[in-house]
Amino acid sequence: MRPSPPPSIVVLTGAGISAESGLRTFRDAGGLWENHRVEDVATPEAFLRNPALVHAFYNQRRAQLREVRPNAAHLALARLEREWSGDFLLVTQNVDDLHDRAGSRALIHMHGELLKVRCAFCSAVHPWEGGTGPETRCPACARSGGIRPHIVWFGEMPLEMDRIGDALERCDLFVAVGTSGNVYPAAGFVGQVPAGARTLELNLEPSSVSSRFSEQREGPASVLVPALVEELLG
């Protein structure tokens, strides 16, 4: 008999894992994002209405990334990817680069990346660490007025959903880390895995979809994730 293949793992991370590195979570209790209404900085309509405000907002977010570092949870997930002999995919709702800096490569930023911009005219995507404004020219087509953050705003389709769906449908273990369970489609991922798959939520407190997981562990991601990785690799 052939030995069984190693289990396939899909990990989803949300704002909670980045919060432990010092990045503020998406919205505060009043529904504001860094003192701005989401409707004013995170929708296509906001960008058309006031592009200068949207550019300034994301310039601030980009600058904040220089002040934080990956934490133990980011590093543990990168280690799991390196040392796991089976299929592994890390999907993040976060737009920061902390997973990248930790060493993760089998990684999908489903909501886009703060350190990239794209052009509304030619669709080119460019790495970008500095500031942008309405006058910024696209390095590919040289037109100004079309550069925007490479971020999935409300009302837009998340990235690489087909690839994510394929991985979920054949995974043996699905782990959600630091997610609220309030943002779809990510909140519905737990329902896309095979019936016999192991599902595990790691969170400071139960998420909105916690009851759909077969296991829950409560605590900081920087503690729970390294412990889980030790279990899986042990």
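Starting from 1, residues in each chain are numbered consecutively following that chain's sequence as written. Residues qualify for local features only when their pLDDT is at least 70, as the model is predicted, and side-chain atom pairs are given and counted only at 80 or more; totals for whole chains, interfaces and linings, by contrast, use all residues. Think of the side-chain values as coming from all heavy atoms in the structure, minus any hydrogens and water.

The name given to the protein chain in an unreviewed UniProt entry is NAD-dependent protein deacylase, and the organism recorded there is Mesoterricola silvestris. UniProt positions are given in the numbering used here, feature names are shortened, and annotations may be inferred rather than shown by experiment. Per UniProt, the protein chain has the following entry under Sequence similarities (unreviewed entry): "Belongs to the sirtuin family. Class III subfamily."

Caption draft 1: Main features of the layout of surface pockets. Buriedness of a pocket was judged along seven lines, with at least five required to meet protein on both sides within 12 Å; pockets are open sets of points on a 1 Å grid over the protein atoms alone, cavities are sets where a 1.4 Å probe fits but cannot get out, and lining residues have an atom within 4 Å of a point. Grid points are joined across faces, edges and corners, and a volume is the space filled by probe spheres set on the points. Empty space within the second largest pocket amounts to approximately 160 Å³. Around the second largest pocket, the lining residues are Val95, Asp96, Asp97, Asp100, His109, Glu113, Leu114, Leu115, Lys116, Pro127, Trp128 and Glu129. Sort the elements by how many residues they give to the lining of the second largest pocket and strand β6 (residues 112-119) lands first, with four residues. Any residue that is not Ala, Val, Leu, Ile, Met, Phe, Trp, Tyr, Cys, Pro, Asp, Glu, Lys or Arg is counted as polar, Gly included; the first ten are nonpolar and the last four charged. Classifying every residue of the lining of the second largest pocket by side-chain character gives five nonpolar, one polar and six charged. Put simply, DSSP H or I for four residues or longer makes a helix, DSSP E for two residues or longer makes a strand, and each gets a number counted from the N terminus.

Caption draft 2: How the structure looks around the state of the cysteines. Two cysteine sulfur atoms form a disulfide, by the criterion used here, when they sit within 2.5 Å. Under the definition given, this model contains zero disulfides. Counting only cysteine sulfurs, Cys122 is the nearest neighbor of Cys138, a cysteine outside any disulfide, at a range of 3.7 Å. Here Cys141 stays free of any disulfide, with the sulfur of Cys119 as its closest cysteine sulfur at 3.8 Å.

Caption draft 3: The arrangement of the pattern of salt bridges in detail. Any Lys or Arg side-chain nitrogen located within 4 Å of an Asp or Glu carboxyl oxygen qualifies as a salt bridge. The tally for this structure, following the rule as stated, stands at 11 salt bridges. Linking Glu83 and Arg79 is a salt bridge whose minimum nitrogen-to-oxygen distance equals 3.2 Å. Here Glu83 and its partner Arg79 are both found in helix α5 (residues 72-83), four residues apart, which amounts to about one turn of the helix. The closest approach of N and O atoms between Arg163 and Glu160, which form a salt bridge, is 3.1 Å. By sharing partners, the salt bridges in this structure join Arg37, Asp40 and Arg49 into a single network.

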